[in-house]
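# Examination of the molecular architecture
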Amino acid sequence: MSDVTGVCWLTVRQLSRALVNGEISIHDLVNVFLARATELNPASKAFIDVYADSARAHALKLAEQPGSGMLYGIPYGLKDLIDIKDRRTSAGSAVFADNIASEDAHVVSQLTAEGAVCLGKLNLHEFAYGATGENALYGTAVNAYDSSRLAGGSSSGSAAAVAWGLSPFALGTDTGGSVRSPAALSGLVGLKPTYGRISMRGVTPYSWSLDHLGILSRDVRDCAVILQTLAEPDLADPGSTHRPTDQYLSEIDSLEDLTGRSIGVPRQFFYEHVDPEILGATERVISFLEKKGATVREVETPDLNFSRTVSLTIQMPEALSFHMPWLEQRAGDYGKDFRTGLALGQQILAEHYVRAKRLMTHYRTQIDDVLETVDILITPSTPIVAPKIGAVEVETEGLTEPVGNAMMCFTNFFNTTGHPAISIPSGMHSLGLPMGVQLVGKAFGEASLLAFAHLINSQRQFKLPLPEIN
Amino acid sequence: MPKDKPALELLRAVGDAFGAYPFSDEDLSELVEPKLGMITSFQDLMDELDQLRTVDLGALPPALEIKPKASRSDE
C-alpha cells in the first residue's frame, strides 16, 4: 500500500479488504498505528499504555495462521477500565497504579477470538467520573480538531485515539454519555447499546445500574461489525442479557425508503438551550429523514430537569460501595473531585437511592410507551461543541451551567432508561468543530437503530472533513 | 419541602455516626459550597429529590432487568 499515512483514516472494512487483498500485512498495519501513536501521543494524550511488543508479536502470530472475519488483524484501543490479563488496569487513577488484571475482560476475549490486535490502553477521566476527561495524572486527551479543546469524556482517550488516527476503533464505557458525548465532540460514531447487551465482566465498575460498554468508530457500518462480535450473551456476567444477537450488518442496508416509519422529536428539554448551529444541524437531519418518507412527530418525554439528580443519586452510593476497600487504604491517591463525589454517596439515604431506582423504572416505562408510537427518537447529542480545556462553566442560549453537566445533559437520561442510543456526526460548526445528533431506539432494537443511523451517516451532506493534524 | 441548608457539622456528624469511612472536612466542604464544578451541592440535591417526591410512583419497583416491550401483536 503506497499511502501509508492514509491507512490511519481507513475504516475497519477498508483495512480488512486491504489485508485480504495483500495490499498490506497485519504486521505493517499494526506498525503504522504504533508509529503514529508514538509520534502523536505526546500531543493527543490518548494512550496511557502502548503495547508495542505484544501487538507486534500478536500480528506475527496471526500472519502464520490466516483467519477470516472482518476484525482479523485489525488494531484497536481499550479504555483503561477494561482488563487484559497480566496488564495493568489503571482506571486513570493513582489508586490503581499497580492493579494487574488476572483475566481478560469478556469483550477482550471476544475481540481476540476474532483476531483483533490490542494496541494499548486509553486515557479517561479518573474511574470514569466526569464528562471532561481531564486527568491530572495522565494528562487530558485533546480534541483532534482543535488542540485547545477537550476530546470529551469520560472515554476521552478512546475518542482521541480514533479521531487522531491512532486506532481504527476503540471501546469505552458510558454511564451518562461517556461514549456518545466524546464521539459527538470528536466527529465520530459512538454507540451505547441496550443495558446488558454487551458484557461488563472484567470492566472496572463505576455504577452497576448505569454502566454500559460502548463502541467508538469512524462510521456506523464499522460499529455494526464490532457490535456483532461483542453482543454475544455472556452467561457468566449477572448483568448480561441472555437474549440472542440480531444480524446488525445484514439489516443495515435494508433501510432506504422511510415511508411508514416515524421519527419522534422530543422538543421539550432536548431542543432548549442548544447552540443554534447544533440545533440547525439537527433540524437538517430531521428534514433529510422526512424527505426519505418518514413521518416526523413531536413526542413528550418525562420531566427531565432532574434526570441528572436521579442519575447522581444512583451513581455515587454505588461508586462508594465499590471503592470503600481502596478508600480506606489509599484515600490520598484519589483525585479531589472523585473523593468529593464519594463523600456525597455517603450522605445519600437508602430511601433516596431506592426512589431514584424506581424513577428509573418510571422513565424506562415512559420511553417504552413513546417508542411504541415512533421508530426512533432524535435529539442533539450535546448542546455545545467541544469546550476549551480548563473551562468550568459554559453559557448556552441563556443558561449557564457546569461544563460537565452541559456535555452530558442530553445523553445521561438514556442510561437511566437503558435504551440503545447512538451519536453520529451532523455537520461542522463554524468554529471548525464537529457536531453530533443522537438517535435512540427501542430496547434491544440495535439493528433498526443502526440502520437509521447508517442511512444518515452514509450521506455526503453529513460527512465531516478529517482533522488537520500536523 | 426544602430542608434547612446542611452545615458542615451535620454532614460530619452523619458520616461519623453512620459512615464506614470518615471523609475530611475538605471533602465535605465541597458538598456545602461546591467550587470544583463537578458535583451539585448537597442542598441542591436534597431540594431536587424532595421535588421528585411529588412524582406518583404507585407500586413501581426499582429498575430490574430490561426486557423488550411486547409488541401489540404479541399480546
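Quick summary incoming for the structure in this document.

What counts and how
Residues numbered from 1 in each chain as written. Chains lettered and ligands numbered in written order. Predicted model: local features only at pLDDT ≥ 70, side-chain atom pairs only at ≥ 80, totals over all residues. Contact = placed C-beta atoms within 7 Å. Helix = DSSP H or I, 4+ residues; strand = E, 2+ residues; numbered from the N terminus. Nonpolar A, V, L, I, M, F, W, Y, C, P; charged D, E, K, R; others polar. Core = buried A, V, L, I, M, F, W, Y, C linked by C-beta atoms within 7 Å. Buried ≥ 20, exposed ≤ 12 C-beta atoms within 10 Å, placed from the backbone. Pairing = 2+ DSSP bridges. Axes fitted to C-alpha atoms, helices over the stretch in contact; angles between N-to-C directions. Parallel < 35°, antiparallel > 145°, perpendicular 65-115°, else oblique. Left-handed = near helix turned anticlockwise from the far one by under 90°.

## Points about the interface of chain B and chain A
Counting residues at the interface gives 32 residues for chain B, matched by 42 residues for chain A. Broken down by secondary-structure element, the contributors of at least two residues to the side of chain B that touches chain A are helix 1 (8-18), helix 2 (25-32) and helix 3 (42-52) of chain B. With six residues, helix 3 of chain B is the largest single contributor of residues to the side of chain B that touches chain A. Class assignment for the residues of the side of chain B that touches chain A results in 22 nonpolar, five polar and five charged.

## Here we look at the nonpolar core
In terms of nonpolar packing, the biggest core is built from 158 residues, with A:L119, A:A160, A:L439 and A:L450 touching the most fellow members. A:L439 has contacts with A:I376, A:I378, A:A421, A:I422, A:L449, A:F452 and A:A453, leaving out every residue within four places of it along the chain.

## Remarks on helix 5 (residues 106-113) of chain A
Helical geometry: 3.6 residues make up each α-helical turn, so side chains three or four residues apart lie on a common side. All names here are of chain A. Residues of helix 5 that are buried include every one of H106, V107, V108, Q110 and L111, and no others. In this structure, the buried residues of helix 5 make contact with strand 2 (75-79), strand 6 (169-174), strand 8 (212-217) and helix 8 (220-230). Note on helix 5: the residue one or two positions beyond its end, G115, has a positive phi of about 90°.

## A look at the environment of A:L439
Locating A:L439 in the fold gives a position in strand 15 (residues 434-440). The spacing of A:L439 and A:L450 is eleven residues in sequence and 9.1 Å in space, taken between C-alpha atoms.

## A look at the pairing of strand 11 (residues 376-380) of chain A
Residues and elements named next belong to chain A. Counting buried positions along strand 11 yields five of five residues, so the element is predominantly enclosed. A two-sided burial pattern is seen for strand 11, the buried positions comprising I376, I378 and P380 on one face and L377 and T379 on the other. The pairing of strand 9 (residues 262-265) with strand 11 spans two bridges and is parallel. Its bridge partner lying in strand 11, I263 is registered against I376. When strand 11 meets strand 15, the two strands line up antiparallel, connected through four bridges. Bridge pairing in strand 15 places L377 opposite V440.

## What about the packing of helix 1 of chain B against helix 2 of chain B?
Residues and elements named next belong to chain B. Contact pair helix 1 / helix 2: the axes reach a minimum separation of 9 Å and the direction vectors enclose 125°. Comparing their axes, helix 2 and helix 1 come out oblique. The chirality of how helix 1 crosses helix 2 is right-handed. Listed contacts from helix 2 to L8, L11 and R12 of helix 1 are D25, L28, S29, L31 and V32. In terms of residue class, the contact of helix 1 with helix 2 is made up of five nonpolar, one polar and two charged.

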